[in-house]
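Analysis of the macromolecular model
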Amino acid sequence: MRTKCLLLTAVTLALLAVAAALQQPSSSAAQDNANDPSGMYSFLREGEFVQLTLDEGKLSGYVSRFGDSESDKGQFIDQFFDKASLDGDHLAFTTKTVHGTWYEFTGTITKTLGKQPAQEGYRVIKGTLIQHTTDANKVDKPRQREVEFKSFPQDLSKP
């Protein structure tokens, strides 16, 4: 009888340990999440943003901005990435052309020391942004500038 009780206790403890382990995020999942730059970042003006999504190692996203031309002034325009890459901390993307405008970006994405994912600016994208605009004669007029885009606070309640 005593042996049965000890065996039953051992099995119960083993099952409890397995259940507790299943509820804890694995260190590789936590590591993957820590290295995942997916989220929203500020863009050039208040209300504009860049959305990055890293899914199975493939980067995608878009720029959501206000229109500048006479035909779209003040309207929201989403420009999806035509090409995008993330190699370590090096980030590059080119958007599709919308109303004669497209963007090229090359730079880095880093974490800010002392900040947590729930804080603005936990990640920062820094680099060179080139805004290409074609005029009525289809002539490209590039405008290059150094930029810094800060991450929006992440909602940590989402899985």
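Structure shown above.
None of the values given here were measured: they were computed from a predicted structure.

For residues besides glycine, phi is generally negative; the peptide bonds are generally trans as well. Phi at His99 takes a positive value of approximately 55°, unusual for a residue other than glycine. Within the secondary structure, His99 is located in the loop between β5 (90–95) and β6 (101–111). Positive phi, close to 65°, is recorded for Lys138, a residue that is not glycine. For Lys138, the location among the structural elements is in the loop between β7 (123–134) and β8 (140–150). Its relative accessible area of 70% is what places Lys138 among the exposed residues.

For the coordinates displayed, the defined rule picks out 8 aromatic pairs. Measuring from centroid to centroid gives 5.3 Å for Phe43 and Tyr103, while their planes differ by 85°, and the two rings are edge-to-face. Taken as a pair, Phe43 in the loop between β1 (39–42) and β2 (49–55) and Tyr103 in strand β6 lie far apart in primary sequence, 60 residues in all. Note on Phe43: relative accessible area 6%, which makes it buried. On the basis of an interplanar angle of 35° and a centroid distance of 4.6 Å, the ring pair of Phe66 and Phe76 is categorised as tilted. Remark: Phe76 occurs in strand β4 (residues 76–87) and Phe66 occurs in strand β3 (residues 58–66); sequence separation between them is 10 residues. Put simply, the rings of Phe43, Phe81, Phe93, Tyr103, Phe105 and Phe149 pair up and form one aromatic cluster.

Glancing now at the sheet that holds β3. Strand order across the open sheet formed by 8 strands is β1-β2-β3-β4-β5-β6-β7-β8, with antiparallel pairing between neighbours. Lying at the two open borders of the sheet, with one neighbouring strand each, are β1 and β8. Strand after strand, the sheet turns through a mean of 20° between neighbouring axes, direction not considered. Pairing geometry for β7 and β8, over 11 bridges, is antiparallel. The partner of Val124 across the bridge, within β8, is Lys150.

Definitions and limits used
Every chain is numbered independently, its residues counted from 1 as its sequence is written. Local features in this predicted model are restricted to residues of pLDDT 70 or higher, and side-chain atom pairs are both shown and tallied only at a pLDDT of 80 or more, whereas totals for entire chains, interfaces and linings draw on every residue. Note that the side-chain values use all heavy atoms of the structure and ignore hydrogens as well as water. Put simply, DSSP H or I for four residues or longer makes a helix, DSSP E for two residues or longer makes a strand, and each gets a number counted from the N terminus. Any residue under 20% of the maximum accessible area for its type is buried, any over 50% is exposed, and the rest in between are partly exposed; the area is computed with a 1.4 Å probe on protein chains only. Pairs were defined over the aromatic rings of Phe, Tyr and Trp, the Trp ring being its six-membered one, requiring ring centres within 6.5 Å. Orientation was assigned from the angle between planes: stacked under 30 degrees, edge-to-face over 60, tilted for the rest. Pairing between strands is defined by DSSP: at least two bridges between the two strands are required. In this analysis, axes come from line fits to C-alpha atoms, helices being fitted only over the stretch in contact, and the angle between any two N-to-C directions falls in the range 0 to 180 degrees.

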